[in-house]
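One letter stands for each residue in the lines below.
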Amino acid sequence: MSVNAFSRPVIGVTMGDAAGIGPEIVLRALESKELREAFRCVIIGDSAALSGVSDSLGLGLEMVPFAPETQATTSCVEVYDLANLPAIIKTGIDSPITGRAAAENLIAAINLWRQGVIDAVATAPISKKAIAMGGFDYPGHTEFLADLTGTREFAMSFFADKLRVVLLSTHLSLVNAIDFVSEKSLTNIIRFTHREMVRLFRRDVSIAVAGLNPHASEGGMFGMEESSVIEPAIKVCQKEGIDVLGPYSPDTIFLAGYQGKYDACIALYHDQATIAVKALSFGAGVNVTLGLPLIRTSVDHGTAYDIVDSGTADASSMLAAIRLAGELVEQSRG
């Protein structure tokens, strides 16, 4: 049992790539007194770099070293200092220095979770290219975290209030993503989504599956994948007692999910999900990795190199990610 099981959830917040907007949005999110009172938030990264960003933005946040056994005051921000960045870094570009540090922050977060001193992880954005330059060759956060935790079955999802979208595939070309749509892969993701959503919400859930073709093929007029692949997978899962329906037209299913008609929607490829989520709730959407042994949330955007150092980064998704992580920890405790 976590040492934090009967206190405020402790959320480890990785600062992301220091060459991007990660440090800024983490600090801006933790300006929220309401958030700090609800959850104990610990930034994982380089304390000196964070202090420099805080000073440049005029935030005036008091940062103190993280001491797990000490009940920290909500007036300050705790930092687990890895001291893994040089005094001066170039911002707005991919770099092996900041990429390696971003990866080390993530590794430290998982180690802290394993030790039982944090309950969940909320991550600021990293650059896939930068972490590869730093010696960590992963397509993204999701695959990196799965490897660190020995997780074989996992999926990317996005939560935006009542809209929860689970992706059948993530970082594949569109051609390869379409090839990946099969009865087996769909049956597996429906079962997985049902299991993980029941685990998170501690109740039975309803699931809707998107079609692949325009208007879910309009009865075969625009393709046969719905009748030959998607419908058979849904019927298999229905026979297993899963409340799943579809396939529904991709241009309406996500709005129905946003309105609360379903507990979760399954998207058949990356952009089918992300265009809908970002159009309906950009800034409020949260990336949730399902299947991991811990709760992990993240922002729904990237490093935004083009606006770093401008002081204009929007921290709303980071704020939402930290809040959702804490709420899911509380929910898991019953």
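Residues numbered from 1 in each chain as written. Predicted model: local features only at pLDDT ≥ 70, side-chain atom pairs only at ≥ 80, totals over all residues. Heavy atoms only, no water.

Student: Pulling in residues and values, what's your account of the environment of Pro139?
Tutor: Along the polypeptide, Pro139 turns up in the loop between α5 (128-133) and α6 (141-149). Owing to a relative accessible area of 42%, Pro139 belongs among the partly exposed residues under this scheme. Sequence separation between Pro139 and Ile107 is 32 residues; the distance between their C-alpha atoms is 16 Å. Residue contacts for Pro139: discarding those within four places in its chain leaves Lys128 and His171. (Helix = DSSP H or I, 4+ residues; strand = E, 2+ residues; numbered from the N terminus. Buried < 20%, exposed > 50% of the residue type's maximum accessible area, 1.4 Å probe, protein only. Contact = heavy atoms within 4.5 Å.)

Student: Can you lay out the packing of aromatic side chains for me, pointing to particular residues and giving the numbers?
Tutor: Scanning the entire structure with this criterion turns up 4 aromatic pairs. Here Tyr138 and Phe144 contribute two aromatic rings whose centre-to-centre distance is 4.4 Å and whose plane-to-plane angle is 10°, an arrangement assigned as stacked. Taking 6.4 Å as the distance between ring centres and 25° as the angle between the ring planes, the aromatic pair formed by Phe159 and Phe201 counts as stacked. Of this pair, Phe159 sits in strand β6 (residues 155-160) while Phe201 sits in helix α8 (residues 183-201), and the two are 42 residues apart along the sequence. Aromatic ring contacts, followed pair by pair, group Phe136, Tyr138 and Phe144 into a single cluster. (Phe/Tyr/Trp six-rings, centres within 6.5 Å; stacked < 30°, edge-to-face > 60°.)

Student: Report on the nonpolar core, specifying residues and quantitative values.
Tutor: Looking at soluble globular proteins, one finds that nonpolar side chains tend to be buried together. Counting residues in each nonpolar core, the largest one holds 67 residues, and the members touching the most others are Leu186, Met318 and Ile322. The biggest single contributor to this core is helix α12 (residues 316-333), with 8 residues. In this view, Leu186 contacts Leu168, Val181, Val209, Val229, Ile230, Ala233 and Leu268; residues no more than four positions away in its chain are not counted. In this structure, Ala109, Val117, Val121 and Phe136 belong to the second largest nonpolar core, which totals 22 residues. (Core = buried A, V, L, I, M, F, W, Y, C linked by side-chain atoms within 4.5 Å.)

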